[in-house]
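# Inside the fold
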There are 2 protein chains.
Amino acid sequence: MREITADHMKDMARGAAVLGTGGGGDPYIGRLLAQQALERNGPVSLVDVDEVPDDALVVPTAFMGAPTVMVEKLPSGEETIRALRALEELLGRPVTHTVSIEAGGVNSMIPFVAAAELGLPLIDADGMGRAFPELQMLLPTLGGIRATPMALADERGNDLTLRTVDNAWAERLARSATVEMGCSAAVSLYALTGAQVKEHMVRGTMTLCERLGTTIREAARSHADPVQAATDVLGGRRVFTGKIVDVRRGTAAGFVRGDAVLDGLDEDTGHSLEFAFQNENLVVRRDGEILASVPDLICVLDTDTGEPVTTEFLRYGLRVSVVVAPCDPRWRTPEGLALAGPGVFGYDHPYVPV
Amino acid sequence: MREITADHMKDMARGAAVLGTGGGGDPYIGRLLAQQALERNGPVSLVDVDEVPDDALVVPTAFMGAPTVMVEKLPSGEETIRALRALEELLGRPVTHTVSIEAGGVNSMIPFVAAAELGLPLIDADGMGRAFPELQMLLPTLGGIRATPMALADERGNDLTLRTVDNAWAERLARSATVEMGCSAAVSLYALTGAQVKEHMVRGTMTLCERLGTTIREAARSHADPVQAATDVLGGRRVFTGKIVDVRRGTAAGFVRGDAVLDGLDEDTGHSLEFAFQNENLVVRRDGEILASVPDLICVLDTDTGEPVTTEFLRYGLRVSVVVAPCDPRWRTPEGLALAGPGVFGYDHPYVPV
């Protein structure tokens, strides 16, 4: 267990947005939200998975929706608390811990807001080891854990709860409600016991986020190569350095979808790279050939600063590097690929591990 | 109080579908559902509004969605019970009575199913004195009664609950969930006390349904004019007799919308009549001139049999008569017209009372 203060948030949000692979929300908004909550309420206890009692009641908190919308309709702690309390009421017993459902600039920070406001410990883990666009795409789903009961809350004061027959139905009904609520909503779902967290979540994600964020900041400050430094922490591979020359992006049905094209610079001059996204980056092609795809991580970083570039901030002229890195091994099983492999997103090519 | 058996259902469903003004569901499906429930569980006690204790907890039950879908995806008692139970759980105390939210071939019958299955008395009333397409269009809304907490249930086993800031938001969120659930869902909403029923509901609706249904059957059997007999019970006016020559109908966004054109027969030969609907009939024009509109009742009846013709069964060649009748006087107040007058449905003409 260690105490996390507002001072940690900038590095942690930066690293979370790297693991967010384009999605999971804007780290600037995420860290501001968490910093305010931590300054108001004092530090949050970050506990290791092994420190969590097996009978703990762990309730994750997150924001659902299109990140393009969340930069204009800002998430707030108020609806996060309402969503968590609504789920707690359904469960009929007090929540003991909160945790992040996915790594991302907003979705790794929202649990800090809930933890700070409610005085709950936060578990050093997440449900994916990255971010994915749909709520059933969580390692606990592979372990048979139900997403519901689930609660959604919007900024107006509307609350909604769900009990569904499976996690895909939770995604369908929650997505349509999120769209109606203005394309973003606070959610609380996948209530777990401590024992289930130990078995089905990814350990150490918050610490990895912080290490990634710190490494990038320090490399940039010391004029080292921040992209290379991040790549080393991820155990990944830099596949391209270039300039964004085209971005197509649309927000519909509760997601932002699109693709971007890069012209190569430096050693990649004369080559082209293209990647597609649905909130998160899905597939990356170099000169038309597939280099990597979900469930592996495809991270877009600012070449000079190493700062992660989320989907909503892709723009013409930006000089970025693309790094690919291996996902949690559970995503590479047949069951994992059936839940979040390329075929799920409509690609007919087989998954080739990074 | 009187006992209602399966034998009453055919007349009651027929009359309810007349008051449903095109919507509220198919009376054939409605009566089959209610008959089965009454045969299985015995009769239901129909109680007068004045017999309901002021502190009763009254929970209405209904089906929400597009009637065109409900004739293929049949409503069932199972999800009705789940919706009522989910709302009861939210309210935290036992339901004492159920009631119909609107008059309609299905929506007047569903409360009989709930009453029979759960052994609850049914109140002789409804929330509109007719049917309307959107859930906030209820007299209790005018009285400041909240539609939420509200529960929805589908046939797969998915349950959803809502607490919204107003009844228009309840409609928005429930409608999008209904669409996702396949365009029909069981709902339970507008929990009321007995005192609120006395003040804000329409008294005697179930008895009126039965009287209308009986009158039409008896007139048809004795070769009298069943349309005239129904018109007399409604205190309305027959405005047209003709043959349907055109129907446009589409199911989208959880409603069926469209319009129909009639060529006149008998004394209306040479004239034309047109009416538009959104689940329910909204506006009727004779030779282009508005004869009646919401919130007044526009009823389409089979000319020979007097049977009500709901929106989903309008078809070329059908010989029908159109009857208009006055709505509950509370709908004619400025507040009532602001909730369900022609302007709400996009018409710019003023309301002219029948």
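Residues numbered from 1 in each chain as written. Chains lettered and ligands numbered in written order. Predicted model: local features only at pLDDT ≥ 70, side-chain atom pairs only at ≥ 80, totals over all residues. Heavy atoms only, no water.

- The name given to chain A in an unreviewed UniProt entry is DUF917 domain-containing protein, with the source organism recorded as Streptomyces cacaoi.

## Focus on the overall build of chain A
- When you go through chain A residue by residue, the secondary structure sums to 11 helices and 18 strands.
- Relative to the 2.2 N^0.38 estimate, which gives 20 Å for 354 residues, the radius of gyration of chain A is 19 Å and therefore close to what a compact globule would have.
- Dimensions of chain A, computed from the C-alpha atoms along their principal axes, are close to 60 × 45 × 35 Å.
- The buried share of chain A, reckoned over its 354 residues, is 63%.
- Approximately 12300 Å² of chain A is accessible, and the part contributed by carbon and sulfur atoms is 50%.
- Counting 32 positive and 49 negative side-chain charges, chain A places the averaged centre of each group 1 Å from the other. (Helix = DSSP H or I, 4+ residues; strand = E, 2+ residues; numbered from the N terminus. Rg over C-alpha atoms; globule rule 2.2 N^0.38 Å. Buried < 20%, exposed > 50% of the residue type's maximum accessible area, 1.4 Å probe, protein only. Areas by Shrake-Rupley, 256 points an atom, 1.4 Å probe, with all protein chains shown as cover. Lys, Arg positive; Asp, Glu negative; His and termini not counted. Charge placed at Lys NZ, Arg CZ, Asp CG, Glu CD.)

## Concerning the side chain of aspartate 154 of chain B
Residue and element names in this part refer to chain B.
- Among the structural elements, aspartate 154 can be located in the loop between β7 (150-153) and β8 (159-163).
- Among the polar contacts made by the side chain of aspartate 154, one reaches the side chain of arginine 156 at a distance of 2.7 Å.
- Looking at aspartate 154, its side chain comes within polar contact range of the main-chain nitrogen of asparagine 158, at 2.9 Å.
- Apart from residues no more than four positions distant in its own chain, aspartate 154 is found in contact with Glu79, Arg82 and Met181. (Polar contact = N/O pair within 3.5 Å; in protein donor to acceptor, adjacent residues only side chain to side chain. Contact = heavy atoms within 4.5 Å.)

## A look at the side chain of asparagine 279 of chain B
- Locating asparagine 279 of chain B in the fold gives a position in the loop between β14 (272-278) and β15 (280-286).
- Asparagine 279 of chain B has contacts with Gly22, Gly23, Gly65, Ala66, Pro67, Pro133, Phe255, Val256 and Thr311 of chain B, leaving out every residue within four places of it along the chain.

## Here we look at the sheet that holds strand β13 (residues 255-264) of chain A
Residues and elements named next belong to chain A.
- Reading across the sheet, the 7 strands line up as β16-β15-β14-β13-β12-β18-β17 and stay open at both edges, with antiparallel pairing between neighbours. At either margin of the open sheet sits one strand with a lone partner, and together these are β16 (289-293) and β17 (297-302). Averaged over all pairs of adjacent strands, the angle between their axes in this sheet comes to 35°, without regard to strand direction.
- By the bridge criterion, 7 bridges tie β13 to strand β14 (residues 272-278) in an arrangement that is antiparallel. Pairing of aspartate 263 across the sheet is with serine 272, part of β14. (Pairing = 2+ DSSP bridges. Axes fitted to C-alpha atoms, helices over the stretch in contact; angles between N-to-C directions.)

## So, helix α4 (residues 77-91) of chain B
Residues and elements named next belong to chain B.
- A rise of 1.5 Å per residue sets the reference length of α4, with its 15 residues, at 21 Å; its end C-alpha atoms lie 21 Å apart and thus fit the reference within 8%.
- Looking at α4, one finds that the buried residues are Gly77, Glu79, Thr80, Ile81, Arg82, Ala83, Leu84, Ala86, Leu87 and Glu88.
- Put simply, serine 76 is the residue that caps the front of α4, since its side-chain oxygen is 3.0 Å from the backbone nitrogen of glutamate 78.
- Just beyond α4, the residue with positive phi is glycine 92, at close to 80°. (Expected span 1.5 Å × (residues − 1).)

## Here's the deal with the relation of the copies chain A and chain B
- Note on the identical chains: chain A maps onto chain B by a rotation of 180° and an axial translation of 0.0 Å, with an RMSD of 0.0 Å. The transformation relating the two chain copies, once decomposed into turn and shift, fits a two-fold axis. By C-alpha distance to the rotation axis, the residue of chain A lying nearest is threonine 161 of chain A, at 2.5 Å.
- By residue overlap, the copies meet face to face through one surface: 100% of the interface positions of chain A are interface positions in chain B. (Least-squares fit on C-alpha atoms with pLDDT ≥ 70 in both.)

## Here's the deal with the layout of surface pockets
All names here are of chain B.
- Quantified by volume, the largest pocket comes out at close to 280 Å³.
- Lining the largest pocket are 14 residues, with Asp26, Pro27, Tyr28, Glu307 and Pro308 sitting closest to its centre.
- Counting residues per element, the ones that place at least two in the lining of the largest pocket are α1 (9-19) and α2 (27-41).
- Classifying every residue of the lining of the largest pocket by side-chain character gives 7 nonpolar, 1 polar and 6 charged.
- Here the lining of the largest pocket spans two domains, since at least three of its residues come from each of domain 1 (2-205) and domain 2 (225-345). (1 Å grid on protein atoms, 1.4 Å probe; cavity = no way out; pocket = protein on both sides within 12 Å on 5 of 7 lines; lining within 4 Å. Points joined across faces, edges and corners; volume = space filled by probe spheres on them. Nonpolar A, V, L, I, M, F, W, Y, C, P; charged D, E, K, R; others polar. Domains from an automatic or database assignment.)

## Points about the pattern of salt bridges
- For the structure shown, the criterion picks out 40 salt bridges over all chains.
- Two residues, arginine 156 of chain A and glutamate 155 of chain A, come together in a salt bridge whose shortest N-O distance is 3.6 Å.
- Judged by relative accessible area, which is 34%, arginine 156 of chain A ranks as partly exposed.
- Note on glutamate 155 of chain A: relative accessible area 33%, which makes it partly exposed.
- A salt bridge links glutamate 88 of chain B to arginine 85 of chain B; the shortest N-O distance between them is 2.7 Å. Of this pair, glutamate 88 of chain B and arginine 85 of chain B both sit in helix α4, 3 residues apart, which is roughly one turn of the helix.
- Overlapping salt bridges, with partners in common, bring together Asp11, Arg14, Arg217 and Glu307 of chain A in one network. (Salt bridge = Lys/Arg side-chain N within 4 Å of Asp/Glu carboxyl O.)

## Topic: the packing of helix α7 (residues 167-180) of chain A against helix α7 (residues 167-180) of chain B
- In contact at an axis separation of 9 Å, α7 of chain A and α7 of chain B are set at 145° when each is read in the N-to-C sense. The chirality of how α7 of chain A crosses α7 of chain B is right-handed. Across from Trp169, Arg172, Leu173, Ser176, Ala177 and Glu180 of chain A in α7 of chain A, the residues of α7 of chain B making contact are Trp169, Arg172, Leu173, Ser176, Ala177 and Glu180 of chain B.
- For the contact of α7 of chain A with α7 of chain B, the residue count by class is 6 nonpolar, 2 polar and 4 charged. (Left-handed = near helix turned anticlockwise from the far one by under 90°.)

## Comments concerning the pairing of strand β13 (residues 255-264) of chain B
All names here are of chain B.
- Across the 10 residues of β13, 7 count as buried, placing the element largely inside the fold.
- Pairing geometry for strand β12 (residues 237-252) and β13, over 10 bridges, is antiparallel. Each bridged residue has a counterpart across the sheet, and for arginine 249 the counterpart in β13 is glycine 258.
- A loop of 2 residues connects β12 with β13, the two strands running antiparallel in sequence, and alanine 253 in this loop sits at a positive phi of about 55°.

## Re the pairing of β12 of chain B
- Pairing analysis gives 6 bridges linking β12 of chain B to strand β18 (residues 319-325) of chain B, with the strands arranged antiparallel. Paired with arginine 238 of chain B across the strands is valine 323 of chain B, a residue of β18 of chain B.

## Observations regarding the interface of chain A and chain B
- Each partner contributes residues to the interface: chain A has 18 residues there, and chain B has 18 residues.
- Of all residues in chain A, Asn158, Arg163 and Glu180 of chain A bury the most surface against chain B, accounting for 29% of the area lost on that side.
- Taken together, the links from chain A to chain B amount to 4 salt bridges.
- One salt bridge in this structure joins glutamate 89 of chain A and arginine 163 of chain B, with 3.6 Å as the shortest N-O distance.
- Our count for the chain A to chain B interface comes out at 7 residue pairs in polar contact (both at pLDDT 80 or more).
- Residue assignment for the side of chain A that touches chain B shows that the elements contributing at least two residues are β8 (159-163) and α7 of chain A.
- For the side of chain A that touches chain B, the element with the highest residue contribution is α7 of chain A, accounting for 6 residues.
- Its residues assigned to classes, the side of chain A that touches chain B comprises 7 nonpolar, 5 polar and 6 charged.
- With 5 bridges joining them, β8 of chain A and β8 of chain B adopt antiparallel strand pairing. (Buried area = accessible area lost by both parts, 1.4 Å probe.)

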